[in-house]
Amino acid sequence: MPHILGRMTGSLTATAVLLLLTVCSFLYMLRTILRQKRLSEVRNDFINNMTHELKTPIATVSAAVEALERFNALADPQKTANYLRISRQELQRLGDLVEKVLHIAAEEKEDLVLQTETTDLNDIISEIISNHRLKSGKKTDFTYTMLSDPLIKADPSHLTNAINNLVDNAIKYSGEHAEISILLARRPGWVRISVIDNGIGIPYSYHNSIFEKFFRVPSGNLHNVKGFGLGLSYVKKIAEKHGGTIKVKSEPEKGSEFQLEIPAA
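Residues numbered from 1 in each chain as written. Predicted model: local features only at pLDDT ≥ 70, side-chain atom pairs only at ≥ 80, totals over all residues. Heavy atoms only, no water.

Trainee: What should I look at first to understand the packing of helix H3 (residues 121-135) against helix H4 (residues 156-172) in this one?
Mentor: Axes are the key here: two packed helices are described by the angle between their axes and the distance separating the axes. Between H3 and H4, the least distance of the axes is 10 Å, while the angle of their chain directions is 40°. One finds that H3 runs oblique with respect to H4. When the axes of H3 and H4 are compared, the crossing they make is right-handed. Facing Leu121, Ile124, Ile125, Ile128 and His132 of H3, the residues of H4 in contact are Pro156, Leu159, Thr160, Ile163, Asn164, Val167, Asp168 and Ile171. Partitioned by chemical class, the residues of the contact of H3 with H4 number nine nonpolar, three polar and one charged. (Axes fitted to C-alpha atoms, helices over the stretch in contact; angles between N-to-C directions. Helix = DSSP H or I, 4+ residues; strand = E, 2+ residues; numbered from the N terminus. Parallel < 35°, antiparallel > 145°, perpendicular 65-115°, else oblique. Left-handed = near helix turned anticlockwise from the far one by under 90°. Contact = heavy atoms within 4.5 Å. Nonpolar A, V, L, I, M, F, W, Y, C, P; charged D, E, K, R; others polar.)

Structure below.
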């Protein structure tokens, strides 16, 4: 028997290696199939969301214009002002969607080069808060801190867009009354921008996934907050392009805190 086993050692080894390769190939194929399935689902979800998000403001503005034209709303100054306000809000929403699509294009460009210059971080935060106070569709209170030395080296356009995405998410995922804190802090060589909300929070198991393109935290069949899962992937890209990081601290029903850190110079 030992003699027979000895002569079969080579065959048994080759069989074991072949079996191992077969199992590994099967697992790799299964992983690839599951990944492709997930990408397909994500793509379909993105297309559905994008279609809905684009059609809604267009339909709303069309209805407002039709009311002004056909139902004598122009004779009523209050109705006219109301329809114009609605149209302005929906056009702003449409503009924000276009901006997000442009963010996708910018993120896809591997040769994206930041145009860094001396930037006043206090001015960026003040502008973002002013814009959101004007366009927010819900009661939103801001608290914020400013830096005594606000000048940093950064790309003002991309940095503004990144912080704006964080603030926009903070408002969207909060309740009827959003309470947003924007805190600025320095440490040697670095500056930190923290955006804190009182929203629905994020389970710990998704803290890494939320920075992946198109990812959205599963919510069953509930779609109270529309989006494409693009904002945070863009924020991460811009943070990394600046040589910085983006982190999240969050628990369900306890709000979220996003910390964007970039070199100060």
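Trainee: How do you make sense of unusual backbone geometry when you look at a structure like this?
Mentor: Negative phi is the rule for most residues except glycine; trans is the rule for most peptide bonds. Of note in this structure, Glu253 is not a glycine but carries a positive phi near 65°. As for its position among the elements, Glu253 is in the loop between strand E6 (245-250) and strand E7 (256-263).

Trainee: What exactly am I supposed to notice about the nonpolar core here?
Mentor: A general trend in soluble globular proteins is that nonpolar side chains are found buried together. Judged by nonpolar contacts, the single largest core of 38 residues is most densely connected at Leu121, Leu159, Ile163, Phe258 and Leu260. Breaking this core down by element, the ones donating at least two residues are H3, strand E3 (151-154), H4, strand E4 (177-187), strand E5 (190-196), helix H5 (231-241), E6 and E7. Per-element accounting of this core gives the leading share, seven residues, to H4. (Core = buried A, V, L, I, M, F, W, Y, C linked by side-chain atoms within 4.5 Å. Buried < 20%, exposed > 50% of the residue type's maximum accessible area, 1.4 Å probe, protein only.)

Trainee: Sorry, what's going on with a nonpolar patch on the surface here?
Mentor: On the surface, a nonpolar cluster with roughly 580 Å² of combined accessible area is contributed by Leu19, Val23, Phe26, Leu27, Leu30 and Leu34. Within the secondary structure, Leu30 is located in helix H1 (residues 2-70). (Patch = residues over 30% accessible without salt bridge, like charges linked within 9 Å, V, L, I, M, F, W, Y side chains within 5 Å. Areas by Shrake-Rupley, 256 points an atom, 1.4 Å probe, with all protein chains shown as cover. Salt bridge = Lys/Arg side-chain N within 4 Å of Asp/Glu carboxyl O.)

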